[in-house]
Structure formats: structure tokens, C-alpha cells
Amino acid sequence: MSALALPRHSLVLAKRNLIGVTRNPEALLDVTFQPVIFLALFTYIFGGALAGGSQQDYLQFLLPGVLAQMVAFASVSIGVNLNTDIEKGVFDRFRSLPISRAAPLVGAVFADIVRYVLMCAVTIGFGYAIGFRAETSPLEVLAAAGIVIAFALCLSWASVFIGTIARTPGAVQGIVLLTMFPLTFGTSTFVPTSTMPDWLQTFTDVNPLTHLIGVLRALMLGDPMGNHLLWTLVSMAVLLVVFVPLALRSYGRRA
Amino acid sequence: MDYAIEAEGLRKRFGDTQALDGVDLAARRGTVLGVLGPNGAGKTTAVRILATLIQADAGSARINGIDVAREPAKVRETIGLTGQYASVDELLTGEQNLTMIGQLLNLSGKRAKARAHELLEWFDLTDAAKRPAKTYSGGMRRRLDLAASLVGRPSVIFLDEPTTGLDPSKREDMWGVVRSLVHDGSTVLLTTQYLEEADALADEITVINHGSVIAHDTPSGLKRVVGGQRLTVRPVDPDRLDETATIIGDLAGTRAEHTGRGVVSVPVAGDEVLGDAIYRLNEANIAVTELSLHLPSLDEVFFTLTGRTENPQEVLA
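Just so we're clear, the structure is a prediction, and the values are computed from it rather than from any experiment.

### Here's the deal with the overall build of chain A
Then, number 1: Of regular secondary structure, chain A possesses ten helices and zero strands.
Then, number 2: Along chain A, helices and strands appear, N-terminal first, in the series α-α-α-α-α-α-α-α-α-α.
Then, number 3: By the compact-globule yardstick of 18 Å for 255 residues, chain A fits well, its C-alpha radius of gyration being 19 Å.
Then, number 4: Referenced to the eigenvectors of the C-alpha coordinate spread, the extents of chain A come out at roughly 60 × 40 × 35 Å.
Then, number 5: The buried share of chain A, reckoned over its 255 residues, is 52%.
Then, number 6: In chain A, the share of contacts with a sequence separation of at least 24, taken over all contacts with a separation of at least 6, comes to 80%.
Then, number 7: Surface accessibility of chain A: about 10800 Å² in total, with carbon and sulfur atoms responsible for 72%.
Then, number 8: Computed over 15 positive and 12 negative side-chain charges, the separation of the two mean positions in chain A equals 18 Å.

Written out as C-alpha cells, the structure is:
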């Protein structure tokens, strides 16, 4: 097997996932409708109260946070889909072929790139429509989107791992969502963490999403970057180092 | 002798269930090995071990001489697997399913597509090629699934209950496919709950029950185990079935049974009744489409071997 076989087979399998998406467009609701709902909901319902009357100021603060939150929520679907594929026997076919066992998993992650690009476009696009304005250069906004997508792909592996160990697709959804709720609310998405009690701040300081949001606010609003980028890259590396081998191992062993 | 499939002492446990408890299997190159047993006998587990999807707890197996545990990647290059439930991607069209497999087998896009069309035509799916597989009927899905396992022209093919749930005419289509595969030189391991199917297709049959082999023989060798012969008659006119039953019942000195639609049969002591049967039916002016003296069916063999007198599925249910 040549060294190029894994990326080539992964691309073939990514194409399969994307064809699936075109046949099943409602599978994209979590990266299209969901960010729109969250932006609108928090801006117009809570925004006025949270930002002392200015919904516009709140939207500026909120949008980078919603991008990070949507990454976390959207990571549920890859695990659910993998688990469904395993359950339906489609993966038995792949496992009986002379291809790397990693290819179906890597292929699914590749295909997710499209979902996250769409998610960034919808979130930022809708944000602009209701008045969000980046305070930095377009290049920096693009860089922010790039970081969002890269972080999403690393986080996907955690969902992939759950997808390979859970018994049912419903269980995958439950486990991943349950993990994502404290992560996405226990951070600076909706309010500055300085308003939270000390014990909670201890958590928000180590929450990788806090640093991701820090990076996004720096790149989109011109906030100070601090060490947010470093910690974001570290957490991405940790996600890969921990969950890629775990996912491959449990997928290989799954009877 | 030249074996394409060899396995000795396969054991596999899932939790409290000993799915396989020391199973030996062997199939000579270019033949069909039927693995026969009721639900839960361990057939699928054996296939999954041989197809490198899971590892045995103990025992060893080789496909074309290659050890499945030591060199699974090499084994995968020579096998095709059709699972118990059709494992095709429902959202992809038939053509996309097969082209994808071809590309995963390192065919160029163009050659993968050509191979897909070849198989679609062979399996009579050309008209449905552009439709998502979820719109296919059960029989079409099975055919697509089997086609998918043949994209790489495997020399050893595992068919795990390929006709379960198919209606009889589709089942015979599938049998035709199996025969042509073997004709082309492939070796087929076929699991089935249908004794009739193993009888129709297999060169040798391994009967397994509760994870153990309880018999291995040729179909006729297995039938000899239970002994005795049966006379079976199918009159041209189904309305004369009862009359036919009375005649052959008289000959055999016992009641004739209705063993199928339009068919009656009786156990007989020897072949001397055959001439009498022809004479008496002729005398009564009953034309027949079928009149045969044959060994017992595999159903009876199976029941004799396992000591069960009921339908094995009902026992398990």
C-alpha cells in the first residue's frame, strides 16, 4: 500500500459522506439554522439586558463566542453518523476491503470541513446582516474562520471516539451533548468570565473554548491576543494526540 | 489437497455466550462450502473471523494459505464479503456504491465506473443505477450488496445468509449467481438456514449448532446418515392430488404426506415400488410432471443430527 493510499481512500470516503449530505440536507441544520437562532435569540432577547441596553454592542461580543459554541454543538453529528454506519453494517464492508482502517474515520472528518466552512459563512454572514462589523482586516476574519475550522476538526475526533464506543446513535448524541453544554456555557461566550464566581473561573480558565473565543475576539474585534493562541494550539494538539489513537483502536476492535 | 479456506479449532466468546466452541472448516478451491445451522449457531461469527472483521479467541484460519490473524491486510485483498443484512450505503445510488468500492480498490475513476456498469448489468440493476439504494427493494439491495463484494474479483467469497428474506424466485436468481461464480473459479463459503439451499449449491456441507460442528459431508453423504428413501409425485392436475396420495399411500402401506404445494410423498422400503407406482398412476390416467425416488431431504438430516423434532427456529424463539 503506497503512502498516498490513506489520503486517497479518505477522499473517496469523504465524497461518500458529502453525497449523503446532499441527499439529506436537513443534516446541515446544525450548521445553518442553529447559529442563526443562537445569534438572534441572544442578541434580541438577552442582549439589551446583558450589554446595558445596546444590542449592537452585545452582538459584537457574542458572535465570536457563538462561532465557538457552534463548533462544539456541530461536532455531535460526526459521532452519531459513524455510529449509525457501524450499526447498519456499511463499515463491515469497508473493514473487509484492503484499505487502512483509519480511512473511513479520516474520510468522515475530511467531509466535515465542508460543514464547518458553511457554518462560518452562515454565522458571519447572518451576523453582518443584523449589524455585526469586524473591527479588523478581512484577512484576520478569514484567519479566525480558519482557526474555527481547524479546531472543529480536532474536536471531531472526540466525537468520533464516542461514536465508535457507544452502543447506539442516541447514546452518542447524549454523551457528546452532555459534555458540550458545560464547555460552551462555562466560558466567555455570553458574558465575561470576570462576572463569574472564583471556582467557576478556575474552570473557564482551563476550558479550551475560552481560549478559542479569545483568539476569535482578538482576530475579529482587535482584543489583546495574550496567550490564547498558544493555549488553543495546545488544546488542539492534545485533542488529536488523545482521541485519534483511541478512536482508531476502538474502531479496529469493534465487533 | 488445495484448500482456499481452512480453519481449525476456532473459538470465540461474547460475554456469557460461547459463540464458537472449536470449529473446523475447510473448502477446496473452486467449490462451495455450505455452513448450515439455525439462528445463533455461530455461522456469522465464523464468517466474521474468516473475513478478518474480528479475531478468534483461539484457533487459526487461513485464506488462500494466508493467516487471517497475522496478515489480515493481505487476506482482504483476496476476499469478498456479503453480510447478513445488505451493507450498502442507502443514500448513494447503486452506481455510486459500486464506483466507490472500485476506487477504494485503487481503480481509476474511469475503470471503477466501467466495472460498476459491468456489475450493474450482470445483476440486472442497470435501470436502477442512478437511484439511491434506499429506494431499492430487498432483493435489489441484496444484489447490489453482492455486486459490491465482487468489484475486486475476489477469489474467495463469503456469503452470509445471502437469500434470507428473499422470495423464492429471487432466491433462485441468487443461486444462479453463486453457480456462475464457482464456474469462474471462485471459492464460496455460504452460510444458510435453508437446508434446501445448501443442498442445491454446496459441494460439501458443514453443519454447526451451538458453536460446534456436528457433521461434515457431501450433501448425499449427509442424507445417507439418516437412510431410507421417499417416493414423491406431482400430478399435472392439482385437483387429482388426493387421488394420487391414495394410490401411492396404498403402495407404501402408509399415509402419503403433502410435502409441498401440489406434491405428495411417502417413505418407501425400496425401489421396487417405482414400477408399480408408474403402472397404477397410468391405470388411473393421472399424468405426472414429477415422479421421483430420492434420499431424505436435508431437513430430516438436520433434525436427526441435532436430535430435534421441531423446527429449529421455533425451538430458539
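What follows continues from the structure just given.
### Quick word on the sheet that holds strand E13 (residues 263–268) of chain B
Residue and element names in this part refer to chain B.
Then, number 1: The strand order across the open sheet built from four strands is E12-E13-E11-E14, with neighbouring strands paired in antiparallel fashion. Single-partner strands in this sheet number two, and they are strand E12 (257–260) and strand E14 (288–294). Neighbouring strand axes in the sheet, compared pairwise and without regard to direction, differ in orientation by 30° on average.
Then, number 2: Its contacts with the sheet put helix H9 (residues 241–252) on strand E11 (229–235), E12 and E13, and the angle it makes with E13 is roughly 5°.

### Some thoughts on the UniProt feature "transmembrane region" (unreviewed entry) in chain A
Residues and elements named next belong to chain A.
Then, number 1: Under the UniProt annotation, "transmembrane region" (unreviewed entry) lies at residues 27–46, 58–82, 103–130, 142–162, 174–191 and 229–248.
Then, number 2: With 96% helix and 0% strand, the stretch residues 103–130 has end C-alpha atoms that lie 41 Å from each other.
Then, number 3: For residues 174–191, helix accounts for 67% and strand for 0%, while the C-alpha atoms at its two ends are 26 Å apart.

### Notes on the packing of aromatic side chains
Residue and element names in this part refer to chain A.
Then, number 1: Applying the stated rule across the entire model yields 13 aromatic pairs over all chains.
Then, number 2: Summarising the aromatic geometry, the rings of Phe38 and Phe42 are spaced 6.0 Å apart at their centres and angled 20° between planes, so their arrangement reads as stacked. Highlighted residues: Phe38 and Phe42, both in helix H2 (residues 29–50), separated by four residues, approximately one helical turn. The pair Phe38 / Phe42 is uniform in exposure class, with both members buried.
Then, number 3: Here the guanidinium or amino end of Arg95 rests over the ring plane of Tyr251, the centre of that ring lying 5.6 Å away.
Then, number 4: When the ring centre of Phe61 is taken as origin, the NZ or CZ atom of Arg217, which lies over that ring, is 3.8 Å away.

### Digging into the pairing of strand E8 (residues 187–192) of chain B
Residues and elements named next belong to chain B.
Then, number 1: Here E8 lies mainly inside the structure; six of its six residues are buried.
Then, number 2: Note that strand E3 (residues 32–36) and E8 share five bridges and pair parallel. Within E8, the position partnered with Val32 by the bridge is Val188.
Then, number 3: As paired elements, strand E7 (residues 156–160) and E8 share five bridges and run parallel to each other. Its bridge partner being in E8, Phe158 is matched across the sheet by Leu189.
Then, number 4: With respect to chirality, the unit in which E7 leads through helix H6 (residues 168–183) into the neighbouring parallel E8 is right-handed.

### Side note on unusual backbone geometry
All names here are of chain B.
Then, number 1: For Asn64, which is not glycine, the phi torsion reads 50° and is therefore positive.
Then, number 2: Not every positive phi belongs to a glycine, and His210 is a case in point at roughly 50°.
Then, number 3: Summarising the element assignment, His210 is placed in the loop between strand E9 (204–209) and strand E10 (212–217).

### With respect to the UniProt feature "domain: ABC transmembrane type-2" (unreviewed entry) in chain A
Then, number 1: According to UniProt, the positions carrying the feature "domain: ABC transmembrane type-2" (unreviewed entry) are residues 26–254 of chain A.
Then, number 2: Between the C-alpha atoms that bound residues 26–254 of chain A the distance is 29 Å, and the span itself is 80% helix and 0% strand.

### A closer look at the interface of chain A and chain B
Then, number 1: In this complex, chain A contributes 24 residues to the contact, which on the side of chain B involves 30 residues.
Then, number 2: With both sides pooled, the region where chain A packs onto chain B buries about 2500 Å², and carbon together with sulfur makes up 56% of that total.
Then, number 3: If you sort the residues of chain A by the area they bury against chain B, Arg23, Arg93 and Pro98 of chain A come out on top, with a joint share of 26%.
Then, number 4: In this structure, the connection of chain A to chain B is made through four salt bridges.
Then, number 5: Between Arg48 of chain B and Asp92 of chain A there is a salt bridge, with its nearest N and O atoms 2.7 Å apart.
Then, number 6: Summed over the shared surface of chain A and chain B, the result is 13 residue pairs in polar contact (both at pLDDT 80 or more).
Then, number 7: For the side of chain A that touches chain B, the elements supplying multiple residues, two or more each, are helix H1 (5–23), helix H3 (55–88) and helix H4 (90–95) of chain A.

### Considering the packing of H1 of chain A against helix H3 (residues 94–104) of chain B
Then, number 1: In contact at an axis separation of 9 Å, H1 of chain A and H3 of chain B are set at 165° when each is read in the N-to-C sense. Classed by the angle they form, the pair H1 of chain A and H3 of chain B counts as roughly antiparallel. The hand of the H1 of chain A/H3 of chain B crossing is left-handed. The segment H1 of chain A lies against H3 of chain B, with His9, Val12, Leu13, Arg16, Ile19 and Arg23 of chain A engaging Gln96, Met100, Gln103 and Leu104 of chain B.

### Considerations on the domain arrangement of chain B
Then, number 1: We note that the domain assignment places domain 1 (3–224) and domain 2 (228–294) within chain B.
Then, number 2: Relative placement of domain 1 of chain B and domain 2 of chain B: their C-alpha centres are 39 Å apart.

### Quick notes on a negative patch on the surface
Residues and elements named next belong to chain B.
Then, number 1: A cluster of acidic residues, Asp124, Asp127, Asp167, Glu172 and Asp173, forms a negative patch on the protein surface.
Then, number 2: Among the structural elements, Asp127 can be located in the loop between helix H4 (109–122) and helix H5 (138–150).
Then, number 3: The exposure class of Asp127 is exposed, given its relative accessible area of 81%.

### Structural notes on H9 of chain B
All names here are of chain B.
Then, number 1: With twelve residues, H9 extends 16 Å between its outermost C-alpha atoms, agreeing within 8% with the 16 Å of an ideal straight helix rising 1.5 Å per residue.
Then, number 2: Turning to H9, its buried residues are Leu241, Thr244, Ala245, Ile247, Ile248 and Gly249.
Then, number 3: Considering only its buried residues, H9 is in contact with E11, E12, E13 and helix H10 (273–283).

### Here we look at the sheet that holds E7 of chain B
Residue and element names in this part refer to chain B.
Then, number 1: Pairing is mixed in the open sheet, where six strands are placed in the order E6-E7-E8-E3-E9-E10. Here the strands that pair on one side only, and so sit at the sheet edges, are strand E6 (79–82) and E10. Mean inter-strand twist for the sheet, computed between neighbouring axes without regard to direction, equals 15°.
Then, number 2: Against the sheet, helix H1 (residues 43–50) touches E3, E6, E7, E8 and E9, its axis set at about 150° to E8.
Then, number 3: Sitting on the sheet, H6 is in contact with E3, E7 and E8, with an inclination near 155° to E8.

Thresholds, definitions, all that
- Residues numbered from 1 in each chain as written.
- Chains lettered and ligands numbered in written order.
- Predicted model: local features only at pLDDT ≥ 70, side-chain atom pairs only at ≥ 80, totals over all residues.
- Heavy atoms only, no water.
- Helix = DSSP H or I, 4+ residues; strand = E, 2+ residues; numbered from the N terminus.
- Rg over C-alpha atoms; globule rule 2.2 N^0.38 Å.
- Buried < 20%, exposed > 50% of the residue type's maximum accessible area, 1.4 Å probe, protein only.
- Contact = heavy atoms within 4.5 Å.
- Areas by Shrake-Rupley, 256 points an atom, 1.4 Å probe, with all protein chains shown as cover.
- Lys, Arg positive; Asp, Glu negative; His and termini not counted.
- Charge placed at Lys NZ, Arg CZ, Asp CG, Glu CD.
- Pairing = 2+ DSSP bridges.
- Axes fitted to C-alpha atoms, helices over the stretch in contact; angles between N-to-C directions.
- UniProt positions renumbered as here; feature names shortened; annotations may be inferred.
- Phe/Tyr/Trp six-rings, centres within 6.5 Å; stacked < 30°, edge-to-face > 60°.
- Lys NZ or Arg CZ within 6 Å of the ring centre and 35° of its normal.
- Right-handed = clockwise from strand over helix to strand, strands pointing away.
- Buried area = accessible area lost by both parts, 1.4 Å probe.
- Salt bridge = Lys/Arg side-chain N within 4 Å of Asp/Glu carboxyl O.
- Polar contact = N/O pair within 3.5 Å; in protein donor to acceptor, adjacent residues only side chain to side chain.
- Parallel < 35°, antiparallel > 145°, perpendicular 65-115°, else oblique.
- Left-handed = near helix turned anticlockwise from the far one by under 90°.
- Domains from an automatic or database assignment.
- Patch = residues over 30% accessible without salt bridge, like charges linked within 9 Å, V, L, I, M, F, W, Y side chains within 5 Å.
- Expected span 1.5 Å × (residues − 1).

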